[in-house]
Amino acid sequence: MQTATGTVGQRPAPAPPSLRTPDAEPVVTTDRLTKRYGQRTVVDALSLQVRRGEVFGFLGPNGAGKTTTLRMLLGLVRPTSGSATVLGRPAGTSVAQVGALVEGPGLYPYLSGRDNLRVLARYAGVGPGRIAAVLDTVDLTDRAGDRFSTYSLGMKQRLGIAAALLKDPALVVLDEPTNGLDPAGISEVRTLLRRLAAEGRTVVLSSHLLGEVEQICDRVAVVASGRLLVESSVEELRGLGRLVVDADPLETAVAVAGRLLGADRVSVVDGALHLQAAPGETAAVNRALVTAGVGVTGLRQEARTLEEVFLQLTEPGDPPPAETPGRRPRRVGRSAR
Amino acid sequence: MSAAVAAPGARPARSSGSLPAIVGAELLKLRRRPATWVLLGLWPALQLVFSLVIPYISYTRGSSFEGIPPEQVLTSTLPDRLVANALSGLPLFGGALLLTLGALLAGSEYGWGTLKSLLGQGPRRTTVLAGQLLALVAVLAATVVVSFALTAAVSAAIAGAESAPADWPGAGELARGFGGGLLVATTWGALGVLLGTALRGTALAIGLGLVWVLAVESLVVNVAAPLLGFFDALQRGLPGVNAGSLVAALAGGDVRTPGVVAVVDGGQAAWVLAAFLAAASALTALLLTRRDLT
Ligand SMILES: Nc1ncnc2c1ncn2[C@@H]1O[C@H](COP(=O)(O)OP(=O)(O)OP(=O)(O)O)[C@@H](O)[C@H]1O
Ligand SMILES: [Mg+2]
């Protein structure tokens, strides 16, 4: 797994997300999108926005409802309530400009890679010229004549991505595109996704590989149990770092910090106060503690990896913020503060 | 790879393959799939063996075949019996093979997750089904033609070898035979597609389809119908019974293949089969459009 250090700023071709998608129009909008299977609510009043030209990460633990949400965006699954708009049209009707790979590549094992694309190109109504182009994009031209069933997992995945690109789509939806790939394969897909973004496409990508999301996504949404926990840029999400305070007396410090930040952002680990706080909040915390007569012997900001953020947000014992009635999911970022 | 991406709304909402393009794609799939060749090849092959080869061998040995004297056995293999000899296997083992084909085609789209890939390219669900059914009709028509051609060739050879008369059926009789055969074949295929779609897989769909064709119908016809009036009425509505009745009518009422029973007259049988075909297609379309694809 990749480390978090400075990867976001190192994106080669495209400009940083804040420059690339300043206030770009939304490409995907969901409004209280909900799916129930029997008694179980699998996607629960999900409202989020994907902006034009961004690489949007859709994060969540197994069973969070990522795939179900993407299926609703594609019109494969009908929402129980709520709505989704894709490229300005109700979900499922804008298929002309959407390319998708959902839950593994669905291709015919007895056909060659090229024949699979031939079949899909006819369904898409695109000329045979696109077949060579997408094969080249995913670097499968050499093996295109072999039967799909003889492909390695990574080749199958790549052919699935090629199929998603046949229509030259403005929006590419990829559900765990690196599933089952080795590090080299993951890196290849990452390069490919960057290229797609550089070409001006919007990419929505679901994953639980945080390193991957951290490195290529502009913004992420974190979901658990079908609920939106956070929708923010990667930097902002990570920015809500951990402030570690060595304080005495600890009980008073917990109470003061709780009043300042809210009890759910305060915990005690190994005799130290751990606060979920943005770097800008450090001074305020220090002031409040000192004013209350607490001795502060140490105060340090710890940057977190997205992985830590993710694990903390999706921790089963910790009720997600959205669960509190009337409280909106946390939207970290300037616009929401 | 082109970098140009149209602005949202610049292209029509639903640009996807036309129906002929989709039929072309389906024909490519059918052509490249080994199972198609096995199932569609087996039917004319078995047809030939049971309607011509075995009777002719029994004739050359001078033995009677199913209690029929040798001379009559020879007569039954000659060109004027072409329609009967090309179609007699269709109601029973032809039906089993074609039901299997239909169930395999529809069911494996779920197993392989390919249906979502097809729909992901933009066509309406009903257009996908229409394309698949039309392609199926096309290969079934080709198979009926092959069955007629093979039967004609072998019958002609027998007539030549035995210096027997080669009186071919008229064009009208051939056309009716082809049309009726295609109707029976398509009905079985569409029932298989319905089963494969309803059960979203191949194994159970094929199993249930075969039990129906080979066991349930024959139990109703041979065991239950003679005993109870209700089953006697019921059997007149069964697809296998109507397929048998239609083929018997096309063959001039003289078919000795087991499982082929003339219970209703040909015209009525054709209507019942057409109704089964329409109902199976409509029900498949309903299932396909109403259900979530997961
Ligand atoms: N057709 C269905 N019928 C019943 N329950 C379903 C169906 N499809 C999905 N679910 C349930 O919905 C929940 C979310 O599933 P989903 O596949 O969307 O999760 P996910 O976030 O994609 O998980 P993963 O990371 O494992 O792929 C799961 O509890 C799953 O059991
Ligand atoms: Mg999933």
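Residues numbered from 1 in each chain as written. Chains lettered and ligands numbered in written order. Predicted model: local features only at pLDDT ≥ 70, side-chain atom pairs only at ≥ 80, totals over all residues. Heavy atoms only, no water.

All names here are of chain A. In this structure, the amide linkage connecting Asp248 to the following residue, Pro249, adopts the cis form with an omega of 0°. Looking at the element boundaries, Pro249 is found in the loop between strand E11 (242-248) and helix H9 (250-261). Non-glycine residue Leu87 carries a positive phi angle of around 50°. Of note, Glu103 is a non-glycine position whose phi angle comes to about 50°, a positive value. You can see Glu103 is positioned in the loop between strand E6 (98-101) and helix H3 (113-124). (Helix = DSSP H or I, 4+ residues; strand = E, 2+ residues; numbered from the N terminus.)

Another aspect to go through is the site of ligand 1. Taken together, 14 residues form the shell around ligand 1, and within it Asn62, Gly63, Lys66, Thr67 and Thr68 of chain A come nearest. Neighbouring residues of ligand 1 are not confined to a single chain but are spread across chains A and B. For ligand 1, an oxygen atom lies 2.8 Å from a polar atom in the side chain of Asn62 of chain A. Contacts to ligand 1 include Thr68 of chain A, whose side-chain N or O atom sits 2.6 Å from an oxygen atom. Against a free-state accessible area of 630 Å², the protein chains account for coverage of 69% of ligand 1. (Near = heavy atom within 4 Å. Polar contact = N/O pair within 3.5 Å; in protein donor to acceptor, adjacent residues only side chain to side chain. Areas by Shrake-Rupley, 256 points an atom, 1.4 Å probe, with all protein chains shown as cover.)

Time to look at the side chain of Asp292 of chain B. Note that Asp292 of chain B resides in the segment after helix H12 (266-290). Of the polar contacts made by the side chain of Asp292 of chain B, one reaches the side chain of Lys35 of chain A; its length is 2.6 Å. In terms of polar contacts, Asp292 of chain B uses its side chain to reach the backbone amide nitrogen of Arg78 of chain A, at 2.9 Å. Ignoring anything within four residues of it in the chain, the contact list for Asp292 of chain B reads Lys35, Tyr37, Leu76, Val77 and Arg78 of chain A together with Arg200 of chain B. (Contact = heavy atoms within 4.5 Å.)

This paragraph deals with the confidence of the model for chain A. All names here are of chain A. Averaged over every residue, the pLDDT of chain A is 82; residues scoring 70 or more account for 85%. Within chain A, the lowest mean pLDDT, 43, falls on helix H1 (residues 17-20), and the highest, 96, falls on H3. A low-confidence stretch, residues 1-21 (pLDDT under 50), is modelled with 36 contacts involving residues beyond four sequence positions or located in other chains. Here residues 332-337 scores under 50 on pLDDT; set against residues more than four positions off or in separate chains, the count is nine contacts. (pLDDT = per-residue confidence, 0-100.)

The next point concerns the packing of helix H1 (residues 19-32) of chain B against helix H7 (residues 125-161) of chain B. Residue and element names in this part refer to chain B. The interhelical angle for the contact between H1 and H7, taken along N-to-C directions, is 55°, at an axis separation of 8 Å. Between H1 and H7, the angle falls in the class oblique. Note on packing geometry: the crossing formed by H1 with H7 is right-handed. Judged by residue contacts, Leu19, Ile22, Val23, Glu26, Leu27, Lys29 and Leu30 of H1 engage Thr127, Ala130, Gly131, Gln132, Leu134, Ala135, Leu136, Ala138 and Val139 from H7. Class assignment of the residues belonging to the contact of H1 with H7 gives a composition of eleven nonpolar, three polar and two charged. (Axes fitted to C-alpha atoms, helices over the stretch in contact; angles between N-to-C directions. Parallel < 35°, antiparallel > 145°, perpendicular 65-115°, else oblique. Left-handed = near helix turned anticlockwise from the far one by under 90°. Nonpolar A, V, L, I, M, F, W, Y, C, P; charged D, E, K, R; others polar.)

With respect to the helices, strands and loops of the structure, Arg78 of chain A is situated in the loop between helix H2 (66-74) and strand E4 (81-86). Residues Arg78 of chain A and Thr202 of chain A, 124 residues apart in the sequence, show an inter-C-alpha distance of 23 Å. Among residues more than four places away in sequence, those in contact with Arg78 of chain A are Lys35 of chain A together with Thr289, Arg290 and Asp292 of chain B. One polar contact links the side chain of Arg78 of chain A to the main-chain carbonyl oxygen of Arg290 of chain B, over a distance of 3.0 Å.

A few words on the sheet that holds strand E7 (residues 171-175) of chain A. Residue and element names in this part refer to chain A. The six strands lie next to each other as E6-E7-E8-E3-E9-E10, forming an open sheet whose pairing is mixed. Lying at the two open borders of the sheet, with one neighbouring strand each, are E6 and strand E10 (227-233). The mean inter-strand angle of the sheet, taken between neighbouring strand axes irrespective of direction, is 15°. One ladder, built from six bridges, connects strand E9 (residues 219-224) with E10; its direction is antiparallel. (Pairing = 2+ DSSP bridges.)

Along a regular strand, successive side chains alternate from one face of the sheet to the other. Residues and elements named next belong to chain A. When you tally the buried positions in E9, you get six out of six residues, the bulk of the element. Judged from the four bridges that link them, strand E3 (residues 55-59) and E9 form a sheet pairing that is parallel. When the bridges of E9 are listed, Phe58 appears paired with Ala221. The turn joining E9 and E10, which pair antiparallel and follow one another in sequence, is formed by two residues; a positive phi near 50° is taken by Ser225. (Buried < 20%, exposed > 50% of the residue type's maximum accessible area, 1.4 Å probe, protein only.)

A word on the environment of Pro20 of chain B. Residue and element names in this part refer to chain B. Mapped onto the secondary structure, Pro20 falls in helix H1. Given a relative accessible area of 60%, Pro20 falls into the exposed group. Through-space distance from the C-alpha of Pro20 to that of Leu136 is 13 Å; in sequence the pair is 116 residues apart.

Let us look at the pattern of salt bridges. By the definition in use, this model includes 16 salt bridges over all chains. Linking Asp115 of chain A and Arg118 of chain A is a salt bridge whose minimum nitrogen-to-oxygen distance equals 2.6 Å. Note that Asp115 of chain A and Arg118 of chain A are positioned in helix H3 at a spacing of three residues, about one turn of the helix. For Lys29 of chain B, the salt bridge identified is with Glu26 of chain B, shortest N-O distance 2.7 Å. Note that Lys29 of chain B and Glu26 of chain B are positioned in helix H1 at a spacing of three residues, about one turn of the helix. The same class applies to Lys29 of chain B as to Glu26 of chain B, namely buried. (Salt bridge = Lys/Arg side-chain N within 4 Å of Asp/Glu carboxyl O.)

This paragraph deals with helix H4 (residues 129-137) of chain A. All names here are of chain A. Taken together, the buried positions of H4 are occupied by Arg130, Ile131, Val134, Leu135 and Thr137. Projected down its long axis, H4 shows its buried positions confined to an angular sector of 155°, all on one face. In H4, the exposed positions angled more than 90 degrees off the buried face are occupied by Gly129, Ala132 and Asp136. Buried residues along H4 sit against H3, helix H5 (153-165) and helix H6 (183-198). Backbone geometry just downstream of H4 places Asp139 in the positive-phi region, at approximately 65°. (Arc of directions from axis to C-beta.)

Turning to the packing of aromatic side chains, a few remarks are in order. Applying the stated rule across the entire model yields six aromatic pairs over all chains. For the ring pair Tyr110 of chain A and Trp112 of chain B, a centre distance of 5.7 Å and an interplane angle of 50° mean the geometry is tilted. Separated into two different chains, Tyr110 of chain A in the loop between E6 and H3 and Trp112 of chain B in the loop between helix H5 (90-111) and helix H6 (114-120) make up a pair that spans both. A residue is classified by how much of its surface remains accessible, and Trp112 of chain B, at 28% relative accessible area, is partly exposed. Put simply, the rings of Tyr108 and Tyr110 of chain A together with Trp112 of chain B pair up and form one aromatic cluster. When the ring centre of Phe148 of chain A is taken as origin, the NZ or CZ atom of Lys156 of chain A, which lies over that ring, is 5.6 Å away. (Phe/Tyr/Trp six-rings, centres within 6.5 Å; stacked < 30°, edge-to-face > 60°. Lys NZ or Arg CZ within 6 Å of the ring centre and 35° of its normal.)

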